Protein chains: 2
Amino acid sequence: MSETKLSARQEAMVEFIGQFIEENGYPPTIREIGKACGISSTSVVNYNLTKLEREGILVRDREVSRGLRLAETLREGMGNLIRVPLVGRIVASEPCPVPGSDFAIFGSDEAIELTRDIVDRNDDLYALQVQGDSMVDAMINDGDVVIMRPHKDVKNGDLVAVWLLDREETTLKRIYKEGKRIRLQPANPTMQPIYIEDPATVEVQGRVVAVIRRPN
Amino acid sequence: MSETKLSARQEAMVEFIGQFIEENGYPPTIREIGKACGISSTSVVNYNLTKLEREGILVRDREVSRGLRLAETLREGMGNLIRVPLVGRIVASEPCPVPGSDFAIFGSDEAIELTRDIVDRNDDLYALQVQGDSMVDAMINDGDVVIMRPHKDVKNGDLVAVWLLDREETTLKRIYKEGKRIRLQPANPTMQPIYIEDPATVEVQGRVVAVIRRPN
DNA sequence: CTTGACTTAGAACGCGCGTTCGCGTTATAA
DNA sequence: TTATAACGCGAACGCGCGTTCTAAGTCAAG
């Protein structure tokens, strides 16, 4: 779609509409747009509005007063904020909860709002709060919130939450598949890696996409 | 103001209005509110609307179609997103930059958008990206982003960035004033604290309000 | 020049929608 | 009981506002 097709008048209209909505909380009328952009006739405003709609710049609800909104605002408002459900706590001594299996230990309305600056996509992300100091070797403190993505494709070097069957503990490590064995590398470079000879004894719960800490 | 004064009908109206705005991008009319809440008369809707306005729940623009908005939405929309400038990198071997003294090493448009869920207030917050593994004893990795608040009032137990004059290094520690001396406690509980006998040799750069890590 | 697509103007139509008024119901207090 | 207020209903008034029709000005192609 070419965006250069917008005339100066149409560009002014779009700018005014956006400004108006932000100021007043509701869209302007045809006549308000006309007055602001120096258009005397309502039909001209209507004409250009229909044009902008066909261009995809805005969405109109016909027969409705103030029934228009900017498509841009629609996407920005919906897409820039991501609500991630806080589904539970992660403790070393027990398997960490996942959204599918058990339900949330917090109310389902418990969620963390994040921006695209922190997590780019939102494909079934969920959040867990770390309890205890058992994750210090993963550079993660008590109280930290980890944002998880269901594992699906785990690549070498990913920071993942795994449940170790034989040790009966949950841990956060970087995972490397080295032939038949698996190496679990702590994030803290001063700690030693764990080598797992039997891949069946590790269950990857998910990949850590972000860690958020709020000291006191 | 007592919030329990809302009747069931008024509460339903508020809920419907918020839902309607989110769905359509513009507020409902009096008659739409009435139909949705089972009110046959427009005057009743108008009556309760005026009541809600006096209660501070919503704002009305008189004589204007769809001229209403929720006060809550007003605050949330404007204030929920916080832009924090990314002013530079923090390295152990040099003093960390602060917004006032040196200017941003990144473009001034370099900023991170955060929500109120991560940082509550926005009083001159700024962000620094950690470079190097020198902060591992503060449980902070290479590449982590720390959100800082200019120090002002530093309380015991705050996680702060300090410049140590005699060691010539920047470090992130929890600070405790114990009489005349200062104790700098690493976040990693396995590490030993540093004791500073002369308070003049530490310069508090700011308080860490959040740490954000995005593993690869 | 004529033709036709694009854009602007002005005016009229008609329903949308906020406002207002009268009146009935219920509740709490004097 | 009456008085006052809070709350509800329905109808009518009147401007707000989207729609539509006619007409005219602009500009490039033929």
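Note that the structure is predicted; figures quoted are calculated from it, not measured.

Analysis parameters
- Residues numbered from 1 in each chain as written.
- Chains lettered and ligands numbered in written order.
- Predicted model: local features only at pLDDT ≥ 70, side-chain atom pairs only at ≥ 80, totals over all residues.
- Heavy atoms only, no water.
- Helix = DSSP H or I, 4+ residues; strand = E, 2+ residues; numbered from the N terminus.
- Expected span 1.5 Å × (residues − 1).
- Buried < 20%, exposed > 50% of the residue type's maximum accessible area, 1.4 Å probe, protein only.
- Arc of directions from axis to C-beta.
- Contact = heavy atoms within 4.5 Å.
- Buried area = accessible area lost by both parts, 1.4 Å probe.
- Salt bridge = Lys/Arg side-chain N within 4 Å of Asp/Glu carboxyl O.
- Polar contact = N/O pair within 3.5 Å; in protein donor to acceptor, adjacent residues only side chain to side chain.
- Nonpolar A, V, L, I, M, F, W, Y, C, P; charged D, E, K, R; others polar.
- Pairing = 2+ DSSP bridges.
- Least-squares fit on C-alpha atoms with pLDDT ≥ 70 in both.
- Patch = residues over 30% accessible without salt bridge, like charges linked within 9 Å, V, L, I, M, F, W, Y side chains within 5 Å.
- Areas by Shrake-Rupley, 256 points an atom, 1.4 Å probe, with all protein chains shown as cover.
- Lys, Arg positive; Asp, Glu negative; His and termini not counted.
- Charge placed at Lys NZ, Arg CZ, Asp CG, Glu CD.
- Near = heavy atom within 4 Å.

*Asks:* Please clarify how helix α3 (residues 42–55) of chain B should be interpreted in this entry.
*Replies:* Every α-helix winds through 3.6 residues per turn, so residues three or four apart in the chain are directed the same way. Residues and elements named next belong to chain B. Across its 14 residues, α3 extends 20 Å between first and last C-alpha, which sits within 8% of the 20 Å expected from 1.5 Å per residue. Burial in α3 covers these residues: Val45, Asn48, Leu49 and Leu52. End-on view of α3: buried residues confined to an arc of 110°, all on one side of the axis. Of the exposed residues in α3, the ones pointing more than 90 degrees away from its buried face are Tyr47 and Arg54. Against the buried residues of α3 lie α1 (8–24), α2 (30–37), β1 (58–60) and β2 (68–70). Of the residues one or two after α3, Gly56 is the one with positive phi, at around 90°.

*Asks:* Got a minute to help me understand the interface of chain A and chain B in this structure?
*Replies:* A common measure of how large an interface is: the accessible area buried when the components associate. Contacts between the two partners involve 42 residues from chain A and, on the opposite side, 42 residues from chain B. Of the roughly 3600 Å² buried between chain A and chain B on both sides combined, carbon and sulfur atoms contribute 49%. Here chain A and chain B share zero salt bridges between them. One can count 15 residue pairs in polar contact (both at pLDDT 80 or more) joining chain A with chain B. Counting residues per element, the ones that place at least two in the side of chain A that touches chain B are α1 (8–24), β2 (68–70), β4 (111–115) and β11 (202–213) of chain A. Split by residue class, the side of chain A that touches chain B holds 22 nonpolar, nine polar and eleven charged. Where β11 of chain A meets strand β11 (residues 202–213) of chain B, three bridges bridge the pair, whose relative direction is antiparallel.

*Asks:* Help me understand the relation of the copies chain A and chain B, please; the structure alone is not making it clear to me.
*Replies:* Note on the copies: chain A fits chain B at an RMSD of 2.0 Å, the axial shift is 1.2 Å, and the rotation between them is 179°. Taken together, the turn and the small shift mark the pair as related by a two-fold rotation axis. Looking at the rotation axis and the C-alpha trace of chain A, the residue lying nearest is Ile212 of chain A, at 1.9 Å. Of the residues that chain A buries at the interface, 100% are likewise interface residues in chain B, meaning the two copies contact each other through the same surface.

*Asks:* Would you mind showing me how to read a negative patch on the surface here?
*Replies:* Residues and elements named next belong to chain A. A contiguous patch of negative charge, built from Asp166, Glu168, Glu197 and Asp198, is present on the exposed surface. Tracing the backbone shows Glu168 in the loop between β7 (159–164) and β8 (169–178). When its relative accessible area of 56% is taken as the criterion, Glu168 is described as exposed.

*Asks:* Would you explain the environment of Leu125 of chain A in this entry?
*Replies:* Residues and elements named next belong to chain A. You can see Leu125 is positioned in the loop between β4 and β5 (126–130). A C-alpha to C-alpha distance of 9.8 Å links Leu125 and Arg207, two positions 82 residues apart in sequence. If sequence neighbours within four positions are ignored, Leu125 has contacts with Val84, Pro85, Val119, Ile147, Met148, Arg149 and Val209.

*Asks:* Help me understand the protein's contact with DNA strand D, please; the structure alone is not making it clear to me.
*Replies:* The environment of DNA strand D is formed by 23 residues, the closest being Arg66 of chain A together with Ser40, Ser41, Ser43 and Tyr47 of chain B. Across the atoms of DNA strand D situated within 4 Å of the protein, the share located in sugar and phosphate is 65%. In this structure, a phosphate oxygen belonging to DNA strand D sits 3.1 Å away from a side-chain N or O atom of Arg60 of chain A. In the model, a base nitrogen of DNA strand D is placed 2.4 Å from a nitrogen or oxygen of the Ser41 of chain B side chain. Of all the secondary structure elements, the ones that give two or more residues to the surface near DNA strand D are α2 (30–36) and α3 (42–55) of chain A together with α3 of chain B. Here the surface near DNA strand D is composed, by residue class, of five nonpolar, eleven polar and seven charged.

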